[in-house]
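# Summary of the model geometry
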Amino acid sequence: MRLPSVRYHDSFAATSRSLAALAALVLGACTSLTESNPTANRYGSINVAAHNAAGGRASATATAIFFEAYAASVPNSLLSQTDQCVYSSIDTSTSPISGALKAGATVSIAVSGSTLAMPYDSTLHRYATSTTTPFGYGVGDALQVTIPGDPAVYPASTISVRSAEPLVPGVITVPTGTTPMNFSWNLPLSGDTTSAIILSLRYANPSTSATANEQIFCALKDDGVHALPTSALAAFLASPNDKRSLVMTRWRTRELSLDTRTILHIATSVDTTLTFKP
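Per-chain numbering applies: the sequence of each chain, read as written, is numbered from 1 onward. Note on the predicted model: pLDDT of at least 70 is required for a residue's local features to be given, and 80 or more for side-chain atom pairs to be given and counted; whole-chain, interface and lining totals, by contrast, use all residues. To get the side-chain values, take all heavy atoms of the structure and skip hydrogens and water.

This paragraph deals with the environment of Gly56. Within the fold, Gly56 resides in the loop between strand S1 (41-53) and strand S2 (57-69). Buried, partly exposed and exposed residues are distinguished by accessible area as a fraction of the type maximum, computed with a 1.4 Å probe on protein chains only: under 20%, between the cut-offs, and over 50%, respectively. By relative accessible area, Gly56 is classed as partly exposed at 43%. Separated by 109 residues in sequence, Gly56 and Glu165 place their C-alpha atoms 8.9 Å apart. In this description a helix means any DSSP run of H or I spanning at least four residues, a strand means any run of E spanning at least two, and both kinds are numbered starting from the N terminus.

This is the structure in structure tokens:
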């Protein structure tokens, strides 16, 4: 179904969890690597996922995976500068992201003056910070990840990116009549145009559904405002209020070509969840 006043694009059936895997497409950006290489290309994917925390900070965990493939699609926040929305089912799967290669003993991530170890998990073939002890960061903090490397697998390397600033939504109300549903949020740091926004407006469709099973999923420019026309909200407005919610995510990426067959990519995201008052 085509949403009025916004451009439809099939690739947005994926949800924001696709930011966690390099091989999953969010905003269709293929790397500069091609399938013409006689051997498979090498990919490194680092994902820093955070939630809003008190005091304008964010609480985050990080993972890193390495794998080989002849071609892979890479999410790129720089290419998410045109507002696009679709209707989509809600992906509730919780399977962990896993890799295939070991690029040294321990990856490290430096943030806010501290360096954290990301030990290797031989079961999931990935590196990760502690899930029970998240690390914090504030507005403007940079994230720097260092990979020790293995000469036979993946080169030693370092990549940094400005963290996705904590997201502060404005007042959001359920519209009546023909009034559009207006969304607003705080802007990223002045002069930064590398971030983008994911908006997931969730509800039950049909209204008798026991769970929130559908969403209006939007990939947006990080310009602080967006509006959905009432004509796109029929199922949302019919949904019971206790099945309605909004998840907003700010994300930012950076990519390095280490050589003709090696890509290193980092994504940082921060989200916040809102419910609607009766």
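In summary, the pairing rule links any two rings of Phe, Tyr or Trp, Trp by its six-membered ring, whose centres are within 6.5 Å, and it sorts them by plane angle into stacked for under 30 degrees, edge-to-face for over 60 and tilted for everything else. Under the definition given, this model contains six aromatic pairs. The interplanar angle of 55° and the centroid separation of 5.0 Å between the aromatic rings of Tyr120 and Tyr127 together place this pair among those described as tilted. Residue Tyr120 is classed as partly exposed on the basis of its relative accessible area of 21%. Given a relative accessible area of 0%, Tyr127 falls into the buried group. Aromatic pair Tyr203 and Phe236: ring centres 6.1 Å apart, planes at 80°, arrangement edge-to-face.

Moving on to the pattern of salt bridges. Here a salt bridge means any side-chain nitrogen of Lys or Arg lying within 4 Å of a carboxyl oxygen belonging to Asp or Glu. Tallying each qualifying case throughout the model produces seven salt bridges. Here Arg42 ties to Asp259 by a salt bridge, and the two come within 3.0 Å at their closest N and O atoms. You can see Arg42 sitting in strand S1 and its partner Asp259 sitting in strand S14 (residues 245-259), a full 217 residues away along the chain. Given a relative accessible area of 10%, Arg42 falls into the buried group.

With that settled, the discussion passes to the side chain of Asp192. Relative to the helices and strands, Asp192 resides in the loop between strand S10 (181-184) and strand S11 (195-203). Reaching out from Asp192, the side chain makes a polar contact with the side chain of Arg252 at a distance of 3.1 Å. For Asp192, the contacting residues outside a window of four places in its chain are Arg162 and Arg252. Each polar contact in these results corresponds to two N or O atoms within 3.5 Å; when the atoms are within protein, one needs to be able to donate a hydrogen and the other to accept it, and residues that are neighboring in sequence are counted only if both atoms are side-chain atoms. Whether two residues are in contact is decided by their heavy atoms: any pair within 4.5 Å suffices.

Time to look at the side chain of Gln215. Here Gln215 is to be found in strand S12 (residues 214-221). Within the structure, Gln215 has its side chain in polar contact with the backbone oxygen of Ser89 (distance 3.3 Å). A distance of 2.4 Å separates polar atoms of two side chains, one belonging to Gln215 and the other to Ser200.

This part takes up the pairing of S10. Side chains Met181 and Phe183 of S10 all project onto a buried face; the interleaved residues Asn182 and Ser184 project onto a face where none is buried. Pairing of S10 with strand S13 (residues 225-228), which is carried by four bridges, proceeds in the antiparallel orientation. When the sheet's bridge partners are listed, Ser184 is paired in S13 with Val225. At least two bridges found by DSSP between two strands are what make those strands a pair.

The subject of this paragraph is the nonpolar core. In terms of nonpolar packing, the biggest core is built from 28 residues, with Ile46, Phe66 and Ile147 touching the most fellow members. Mapped by element, the contributors of at least two residues to this core are S1, S2, strand S4 (106-111), strand S7 (135-137), strand S8 (142-147), strand S9 (157-162) and strand S15 (262-275). Take this core: its biggest share by element is five residues, from S2. Once you skip the residues sitting within four places of it in the chain, Ile147 turns out to touch Ile46, Phe66, Ala103, Val107, Tyr154, Pro155, Ala156, Ser157 and Leu264. Definition of nonpolar core: a set of buried residues of the types Ala, Val, Leu, Ile, Met, Phe, Trp, Tyr and Cys, connected through side-chain atoms within 4.5 Å. Counting residues in hydrophobic clusters, the runner-up holds 19 residues, among them Cys85, Leu167, Ile197 and Met248.

Disulfides are defined as pairs of cysteine sulfur atoms found within 2.5 Å of each other. For the structure on display, the rule yields one disulfide. Here Cys85 pairs with Cys218 through a disulfide, and the sulfurs are 2.1 Å apart. Taking the torsion about the S-S bond as the criterion, the Cys85 to Cys218 disulfide, at about 110°, is right-handed. With Cys85 in strand S3 (residues 84-89) and Cys218 in strand S12, this pair connects stretches of sequence that are 133 residues apart.

In this section: the confidence of the model for the chain. pLDDT expresses, on a scale from 0 to 100, how confident the predictor is about each individual residue. Taken as a whole, the chain shows an average pLDDT of 85; of its residues, 87% reach a score of 70 or greater. When pLDDT is averaged over each element of the chain, S8 comes out on top at 97 and S3 at the bottom at 90. Taken as a whole, residues 1-31 scores under 50 in pLDDT and shows 91 contacts with residues more than four places along the chain or in a different chain.

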